[in-house]
Structure formats: structure tokens, C-alpha cells
Amino acid sequence: MSRLTDDQANAIREAAAEAVLAASEQGREGLEDDPDAHLLMVAASTVAAEETSRLLRQSITGARTAGHSWEALGRLLGISRQAAQQRFGLPATERTDSAPGDGPARRVLKPLHAFNEMEALEKEGRRGWHVVDYGYLFHLVEASPRKWEHRRLWWPSRRRRRLMEEEGWQLIVPSDFDSPWAYYKRRLNEPAEQ
């Protein structure tokens with residue numbers, strides 16, 4: 001099981017504290033002279049807590065996708081397997097293999113995980129299928145007459161997301177899934193393979 005060293009843990013703590021203190025122009029010194037600087041620290045700490053909570057949830061989802069058990073995650077978090085699953089588990093979402101009405105055909109690709117999903121999406125993209133939703137161990141794809149390509153990025157920065165959009169990539173936003181990865185798709189000007 002992977003655990004951080006004391007030096008790694010301390011470096012993360014220091015970086016988080018420095019990021020919060022950087023919210024005030026005066027930093028630590030402003031806390032001595034300006035009572036409102038304390039409120040700014042509360043606001044900055046709230047943002048930091050929300051972000052670390054999001055990162056934790058995405059890390060856990062990534063570990064589950066990579067095949068790690070709730071028991072292993074619980075041990076790492078210092079809680080029971082059941083507590084880890086109750087706190088971080090996602091409710092099961094029922095999917096259908098086709099879209100209602102007269103819309104394009106849809107299929108669910110499963111079981112997919114971090115090690116096989118991109119190969120599956122590449123194959124399906126050549127055949128005209130593109131991702132419209134995804135969740136734990138599956139991707140929901142929709143038929144199209146054109147080829148598609150898919151990309152997976154690990155926690156992309158705002159700058160990276162902007163560059164992807166400038167290159168014609170579309171972010172795929174899951175309906176109810178918190179993932180450590182961002183998935184993108186881009187339609188190609190080639191007819192889909194039969």
C-alpha cells in the first residue's frame with residue numbers, strides 16, 4: 001500500500017498553508033494589523049477545503065477504477081471498508097442501451113477501466129461512436145456517421161482545458177460521476193468505418 005513519507009506529507013501541508021496565506025496581499029503580516037484579513041483567511045481556507053475534498057474524491061474514484069478495493073482505501077484513510085464505501089461510493093445509475101424516441105442509437109461499453117478504456121474508445125471512435133456520458137467502469141456512446149477521437153487527461157489545468165477547446169475538443173461532462181480524469185472528444189471529417 002502506498003503511503004506518503006513524513007516529508008511528503010509536510011510539503012503538502014506547507015503548500016496548502018502558503019496558498020491560503022497568499023490570498024491576502026500582506027500574507028501573515030496582514031493578520032496582525034487587519035481584522036478583515038482573518039475573514040479573508042476563512043474564505044481562502046474554505047476554497048482550499050473544497051478543492052482538497054474534490055481531489056480526495058477524484059483520487060478515490062481513480063483508485064477504484066484502477067482496481068483497488070474499499071478495504072485498501074479504508075486502511076489508507078484510517079476508516080473501515082464500510083465507512084469508506086458509504087462516504088465515497090457512488091450510487092448505481094441505471095443506463096439503457098438505446099436512446100428514447102427517434103434519437104441516435106446508444107450503447108453502453110462495459111466493463112471499462114483505466115487500462116482498457118482508451119483502446120476501446122479508439123476502436124469505437126473509428127466506427128462512429130462517441131462518448132456522451134460515463135461513470136464507474138462504463139462509457140455511454142452514441143452513433144454518428146463520422147469518426148471520432150477521444151482523449152483522457154489527468155486533472156487538466158484551466159490553461160490545458162482552454163487549449164483543448166481551441167483545438168476543437170469537446171469536454172464530456174458526466175451526469176453524476178466525479179472522476180480524476182477529464183474526457184474529451186473531437187469529431188473527424190472522415191466517414192465512420194463499417
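Residues numbered from 1 in each chain as written. Predicted model: local features only at pLDDT ≥ 70, side-chain atom pairs only at ≥ 80, totals over all residues. Heavy atoms only, no water.

What about the side chain of Glu 117?
Right, so step 1: Inspection of the secondary structure puts Glu 117 in helix H6 (residues 117-126).
Right, so step 2: Taking the relative accessible area as the measure of exposure, Glu 117 reaches 4% and is therefore buried.
Right, so step 3: Every residue in contact with Glu 117, bar those within four places of it in the chain, is listed here: Leu 112, His 139, Arg 152 and Tyr 183. (Helix = DSSP H or I, 4+ residues; strand = E, 2+ residues; numbered from the N terminus. Buried < 20%, exposed > 50% of the residue type's maximum accessible area, 1.4 Å probe, protein only. Contact = heavy atoms within 4.5 Å.)

Some points on the packing of aromatic side chains
Right, so step 1: Counted under the stated rule, the structure contains 3 aromatic pairs.
Right, so step 2: Both rings, one in Trp 154 and one in Trp 181, keep their centres 5.1 Å apart while their planes meet at 65°; by these two values the pair is edge-to-face. Placement of Trp 154 in strand S4 (residues 146-154) and of Trp 181 in strand S6 (residues 181-191) is noted, with a sequence separation of 27 residues between them.
Right, so step 3: Since its relative accessible area comes to 12%, Trp 181 is described here as buried.
Right, so step 4: By the ring-pair criterion, three or more aromatic residues cluster together here, those being Trp 154, Trp 155 and Trp 181.
Right, so step 5: Above the ring of Trp 169, the side-chain terminus of Arg 151 is found at 5.6 Å from the ring centroid.
Right, so step 6: Over the ring of Trp 181 we find Arg 152, and its NZ or CZ is 5.1 Å from the ring centre. (Phe/Tyr/Trp six-rings, centres within 6.5 Å; stacked < 30°, edge-to-face > 60°. Lys NZ or Arg CZ within 6 Å of the ring centre and 35° of its normal.)

Section: the sheet that holds strand S1 (residues 106-109)
Right, so step 1: Here we have 3 strands laid out as an open sheet, ordered S1-S3-S2, and antiparallel in their pairing. The open sheet has two edge strands with one neighbour each: S1 and strand S2 (130-135). Between one strand and the next, the sheet's axes are offset by a mean angle of 25°, whatever the strand orientation.
Right, so step 2: With 4 bridges connecting them, S1 and strand S3 (residues 138-142) associate as antiparallel partners. The residue of S3 that forms the bridge with Arg 107 is Val 141. (Pairing = 2+ DSSP bridges. Axes fitted to C-alpha atoms, helices over the stretch in contact; angles between N-to-C directions.)

So, the pairing of S6
Right, so step 1: Pairing of S4 with S6 involves 8 bridges; the strand directions are antiparallel. Within the sheet, the bridge partner assigned to Arg 152 lies in S6 and is Tyr 183.
Right, so step 2: Across 3 bridges, strand S5 (residues 170-172) lies against S6 in antiparallel orientation. Directly across from Leu 171, in S6, lies its bridge partner Tyr 184.

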